Amino acid sequence: MLGGLDYVVVIAYLIGIMLLGFYFKRYVHSSEDYFLAGKSLPFWAIGMSIVVSDIGAQDFVGVSGQAYRYGIAVGNFDWIGSVPAMLLGAFIFIPYFWKAGLYTIPEYLGRRYNDYVRTIASATWIIFFAFNLGVVFWASAKLLNTLMGWPFWQSIIITASVVGVYTFFGGLAAVVLTDVIQLVVMFAGGALIVVLGLYRVGGWDGLVDKITTQGHSFSDYFRLIQPADTKTPFPWTGILFGLTFVMANAYMIGNQAIVQRCLAAKSEWDAKASMVLGAFLKMFIPVLVLFPGLIAIVLYPDLKDGDNAFPLLVKELLPAGWGLMGLMFAALLAGLMSSIDSMLNSTATLWTKDIYEKYIRKDAPDRHYLIVGRMATIVLLIFGVITSPVSQYFAGIYVAIQTFLSFFQGPVFSVLMLGIFWRGTTQWGGLFGLLGGITVSALLYIFKGYLFQIEDPFLYVSWWSFLAGLVIAIVVSLFTRPHPDERLYGLVYRLAEPKPNTAQVRA
Amino acid sequence: MLKAILNALRYVLNFDWLAGVSMGAAKNVFLVLFVLIGILVLLIPNDFIYNGVEKRRWWLNLKLWALGDLAFIFITYYIF
């Protein structure tokens, strides 16, 4: 329970973030200001924002819960599941996206393939983000309920109100620059619980000794690479093929919430540097979100639900009334709000640019699209709040999110990759690759009980659906006509517009 | 017949064909991957790396930043 100084810290934090976000209202005059912060953001702000947007309060709960059940193998998601993909994004994809002046990733797919691909990709992301909002809200409510005994709906509505205000008024600039503060607060709070927890269990050596004396082998909990026949969701084959080759790239390169920040960079160098910096910061995240789960194995060896590990640890380690509990609480709120604001702003961008402007009202004044973006933000917020109870039917919150992702990510990444690397990919190849991949993904998921041996095969599903999308797109492309090179300039790797020769210039 | 097809499908989908790979070899696959990415990063032309920078400085060379990232993750996977 919070008390005394804790309330001061939390309230000061909430008001400060809201005012900071609201301050950026004065810079929002156009839809570009709202969705891309006027293309003015520096690399350090974007890099920090990418990291904090990707890691939310649900990760403190979900990842520590997974670490409680499976050990450090869950850290693969932030290490190999981020760094190689972010470097690939920084040096190959992001420069093309930034130079093309895009607002959304589906916009790229529309230019590269056709409007069908654009619309399917956009609708997929809108649906994913909208439902993911509910998952994130429920995770926060669970956390606040365990920590403070707040009723679920009360927690959700308070969080939604604070985030709604600054996202509605300040747009992407408010989202990114509040994220910078959120990252600092989140790192401070997360480090606090890890340091105190390690001290309690006798440091790193004490942690290892106490876990192994409980009858677990060292390799059960302290190995990143798990055998191919493990019953956990993290066999090395899944980590390599599903996570490293597909999901990580799809998430870091094809995810509107991540890439939109890079599109708002003030220069191409800033866009690239933001990803490289983000990769560096991302490597510290497992220390914050995974260690509490390991510490909880020592302190609470008989928990039925691993997701309760982190909240229990916070209650036990942090004294109430001295501000430390407040700081930790603010860190969780920071993680939560930074995820929600990103999803809101990105989904509003997708809706406005890819659906509304494309199909509902073309050529309206720019001010109109700014208003539509703001309205979309509010509607999504309400939708997220209403659908949040659905997420409780999943055993582990983190696995639930990854399961949603694996459904669509593989096929979307397959057409994105072919689109940028192979000029021979045709519009129909892209369309059928995407649809075919999603169908395979759905079939694998429906029949997973018959086809897969591991507990939750989302990594395998993502790999095989990616491969299916790739093969289908290549085969269809071989039998259909590609776009002329003139249409593909700047959209395909190393296919730049030819410079006019001297004779033409003189003429 | 149907059972045989289902078993073959399971064998492929679950990567049973890689079950014989030892944990040491699997770990090396990851480490080699990091080295390979590092080599690819080194091959990127400097002009491309510095695009968008007004004045070239060595600390703005994103290759160095990327190699730092890769060194960090290599060590992590080497230890665990």
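In what follows, the accompanying structure is described. (Residues numbered from 1 in each chain as written. Chains lettered and ligands numbered in written order. Predicted model: local features only at pLDDT ≥ 70, side-chain atom pairs only at ≥ 80, totals over all residues. Heavy atoms only, no water.)

## Structural notes on the overall build of chain A
Applicable threshold: Labels follow the DSSP assignment, with helices taken as runs of H or I lasting at least four residues and strands as runs of E lasting at least two, numbered in each case from the N terminus. The quantity called the radius of gyration is restricted to C-alpha atoms. Its globule counterpart is 2.2 Å times the number of residues to the power 0.38. Exposed residues in this analysis have more than 50% of their type's maximum accessible area, buried residues have under 20%, and partly exposed residues fall in between, with area computed by a 1.4 Å probe over protein chains only. We call two residues contacting when some pair of their heavy atoms lies within 4.5 Å. Note on areas: Shrake-Rupley with a 1.4 Å probe; residue coverage comes only from the protein chains shown. His residues and chain termini do not enter the charge count, which takes Lys and Arg as positive and Asp and Glu as negative. In plain terms, the charge of a residue is placed at NZ if it is Lys, CZ if Arg, CG if Asp and CD if Glu.
In terms of regular secondary structure, chain A is built from 23 helices and 0 strands. The C-alpha atoms of chain A give a radius of gyration of 23 Å, which matches the 23 Å a tight globule of 507 residues would have. Taken along its principal axes, the extent of the C-alpha atoms in chain A is 80 × 55 × 40 Å. Per-residue burial for chain A yields a buried fraction of 65% across its 507 residues. Restricting the contact set of chain A to residue pairs at least 6 apart, pairs at least 24 apart contribute 84%. Total accessible area on chain A is roughly 17600 Å²; 66% of this is exposed by carbon and sulfur atoms. Looking at charge distribution, chain A has the averaged site of its 32 positive side-chain charges lying 7 Å from that of its 29 negative ones.

## A short note on the nonpolar core
Note the cut-off: To form a nonpolar core, buried Ala, Val, Leu, Ile, Met, Phe, Trp, Tyr and Cys residues must be joined to one another through side-chain atoms within 4.5 Å.
Counting residues in each nonpolar core, the largest one holds 203 residues, and the members touching the most others are A:Phe91, A:Phe97 and B:Tyr77. With 18 residues, helix α8 (residues 152-201) of chain A is the single largest residue contributor to this core. Every residue in contact with A:Phe91, bar those within four places of it in the chain, is listed here: A:Val276, B:Val41, B:Ile44, B:Phe48, B:Ile49, B:Leu62 and B:Ala66.

## Brief notes about the side chain of A:Thr237
Along the chain, A:Thr237 falls in helix α11 (residues 236-254). A:Thr237 sits in the buried class, given a relative accessible area of 0%. For A:Thr237, the residues in contact, after removing those within four places along its chain, are A:Ala228, A:Gly242, A:Tyr460, B:Phe15 and B:Leu18.

## Structural notes on the interface of chain B and chain A
Going by this rule: Buried area counts how much accessible surface, traced with a 1.4 Å probe, disappears from two parts once they are put together, with both parts' losses summed. Any Lys or Arg side-chain nitrogen located within 4 Å of an Asp or Glu carboxyl oxygen qualifies as a salt bridge. Under this definition, polar contacts are N or O atom pairs within 3.5 Å; protein pairs additionally need one hydrogen-donor-capable and one acceptor-capable atom, and for neighbouring residues in sequence, both atoms have to be side-chain atoms.
Residue-level contacts link 39 residues of chain B with 43 residues of chain A. Overall, the association of chain B and chain A removes approximately 3800 Å² of surface from exposure, summing both partners, and the carbon and sulfur fraction of that is 77%. Seen at the junction of chain B and chain A, the total is 0 salt bridges. The tally of links from chain B across to chain A stands at 11 residue pairs in polar contact (both at pLDDT 80 or more). If you list the elements that add at least two residues to the side of chain B that touches chain A, you get α1 (2-13), α2 (23-42), α3 (46-49) and α4 (62-79) of chain B. Per-element tally for the side of chain B that touches chain A: the top contributor is α4(B), with 10 residues.

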